[in-house]
Amino acid sequence: MRNKYILSAVLLLTLFICNCDEQKQQLNVFTWAGYVSDDIRAGFEKEYGVTVLVDTYASNEDLLAKLLAGATGYDIIMPSDYMVSILIKQNLLAELNRDNIPNFQNISPLFLGKYFDIDNQYSIPYTFGTAGIAYDSAVVTPDPDSWAVLWDPQYKNQFSMLDDQRETIGAALKLLGYSLNTTDPEEIKAAKEKLIDQKPLVKQYKSEAEELLIAGDVVMAHCWSGDAFRATETRPTIRYVIPKEGSSQFIDAVCIPKSAPHKELAEQFINYLLRPEVNAKITAFTKYGTCVPTAKEYLPEHLRMHKFIYPPKEVLDSLEWLKDPGDFTRHYNRAWEEIKAK
Ligand code: N2P
């Protein structure tokens, strides 16, 4: 009799465990490469008893294309500023329930109320950074200070450009002295021609440029600040410059798509990311800036004020935010298609 009891207890327990396992929620994160580390993921999984799956994209336009094509499985996405505006306009984002995100109060006001989501109804800031040129100072001499170095034939096949239409057309626009957000078809045409001229020199268009730099596949890369910073850890001769003609700056945000299967869990994840000690891990891993001032207490000294993250004022003054060009986007799209097709 006693054995019978034990047996049924064991059976019940097994059923219970299996059932829990079946019900284990899965949080699907769609983000940039190198943005969510294993320990951030694992920390949340452990605490919430869920699974976190991370998938990556190379550009904001890739993310948009996926969502417009009807991808519905994602709970968390990380668009940049101008793409947040576009996704809001396309009605693709869910409104955030702040009751589930009490750590919202940890965010510095400096990163809130931006043009792309004035009341932060749909987005919270994740990181910030710039685009520029990473180069191996042991090979590329003298230290470049202009986008023009990416048109120098002596570096043929030794550098990469971002696989990102706004950034890469943006680099050519800046070299020509134009705005990143031009709506003048002539200026777009000039930038397109510049990039078509450059194409025979380019080894690869790749957004995960740190991989090429670390492997030594390129000695120079058009890339984002944090990725350059990460590359320096393996190759200390790598430096990063924001060209004198100016460049882009960005805030990458965390948003929840309207179609998210696990909205509340996604909000809990956002809240977790905003804990100072977790947010510090984001900066320590991504090498992009933190929007949570108290996270700095958990950061090693060299990451608190690093020049890759905090450029000097005169450099900051030369930076532009990418903006949604509205209907004019089709000119950027077409130029990019033509460049890639050449
Ligand atoms: C990180 C890419 C940074 C995203 N690998 C730039 N918005």
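Residues numbered from 1 in each chain as written. Predicted model: local features only at pLDDT ≥ 70, side-chain atom pairs only at ≥ 80, totals over all residues. Heavy atoms only, no water.

*Asks:* Would you mind going over the nonpolar core in detail, with residue names and values included?
*Replies:* Among the nonpolar cores identified, the biggest contains 81 residues, and L27, I76, I77, M78, L87, I270 and L273 are the most heavily contacted of them. It is helix 9 (residues 263-273) that provides the largest number of residues to this core, a total of six residues. Counting the residues that make up this core, at least three belong to each of domain 1 (2-127 + 250-304) and domain 2 (129-249 + 308-341). Residues in contact with L273, not counting those within four places in the same chain, are I40, Y126, V254, V278, N279 and I282. In this structure, Y135, L201, M220 and Y332 belong to the second largest nonpolar core, which totals 28 residues. (Core = buried A, V, L, I, M, F, W, Y, C linked by side-chain atoms within 4.5 Å. Buried < 20%, exposed > 50% of the residue type's maximum accessible area, 1.4 Å probe, protein only. Helix = DSSP H or I, 4+ residues; strand = E, 2+ residues; numbered from the N terminus. Domains from an automatic or database assignment. Contact = heavy atoms within 4.5 Å.)

*Asks:* Describe in detail the domain arrangement of the protein, supporting the description with residues and values.
*Replies:* With domains assigned, the protein is organised as domain 1 (2-127 + 250-304) and domain 2 (129-249 + 308-341). On a C-alpha basis, the centroid separation for the pair domain 1 and domain 2 is 29 Å. Between domain 1 and domain 2, the contact holds 26 residues from the first and 24 residues from the second. When residues of domain 1 are sorted by the area they lose upon contact with domain 2, F250, K287 and Y288 head the list and together hold 31% of the total. A salt bridge links K287 to E233; its shortest N-O distance comes to 3.1 Å. At the junction of domain 1 and domain 2, the tally comes to nine residue pairs in polar contact (both at pLDDT 80 or more). For the side of domain 1 that touches domain 2, the secondary-structure elements that each account for two or more residues are helix 3 (60-68), helix 4 (81-89), strand 9 (247-254), helix 10 (276-286) and helix 11 (301-304). (Buried area = accessible area lost by both parts, 1.4 Å probe. Salt bridge = Lys/Arg side-chain N within 4 Å of Asp/Glu carboxyl O. Polar contact = N/O pair within 3.5 Å; in protein donor to acceptor, adjacent residues only side chain to side chain.)

*Asks:* Outline the site of the ligand, supporting the account with residue identities and numerical values.
*Replies:* With respect to spatial proximity, the complete set of residues near the ligand consists of W32, A33, Y35, S80, W224, D227, F250, D252 and Y288. Here D252 contributes a side-chain N or O atom positioned 2.9 Å from a nitrogen atom of the ligand. Taking 270 Å² as the accessible area of the ligand by itself, protein coverage stands at 97%. Here the residues of the shell around the ligand sort into six nonpolar, one polar and two charged. (Near = heavy atom within 4 Å. Areas by Shrake-Rupley, 256 points an atom, 1.4 Å probe, with all protein chains shown as cover. Nonpolar A, V, L, I, M, F, W, Y, C, P; charged D, E, K, R; others polar.)

*Asks:* Help me get a handle on the sheet that holds strand 3 (residues 76-77), residues and values and all.
*Replies:* In space, the three strands of this open sheet follow the order 2-1-3, with parallel pairing throughout. Either end of the sheet is taken by a strand with one partner, and the two such strands are strand 2 (51-57) and strand 3. Looking at chain direction, strand 1 (residues 26-32) and strand 3 are connected through two bridges and run parallel. Residue pairing across strands places V29 opposite I76, the latter belonging to strand 3. Along the sheet, helix 3 makes contact with strand 1, strand 2 and strand 3, crossing strand 1 at roughly 140°. (Pairing = 2+ DSSP bridges. Axes fitted to C-alpha atoms, helices over the stretch in contact; angles between N-to-C directions.)

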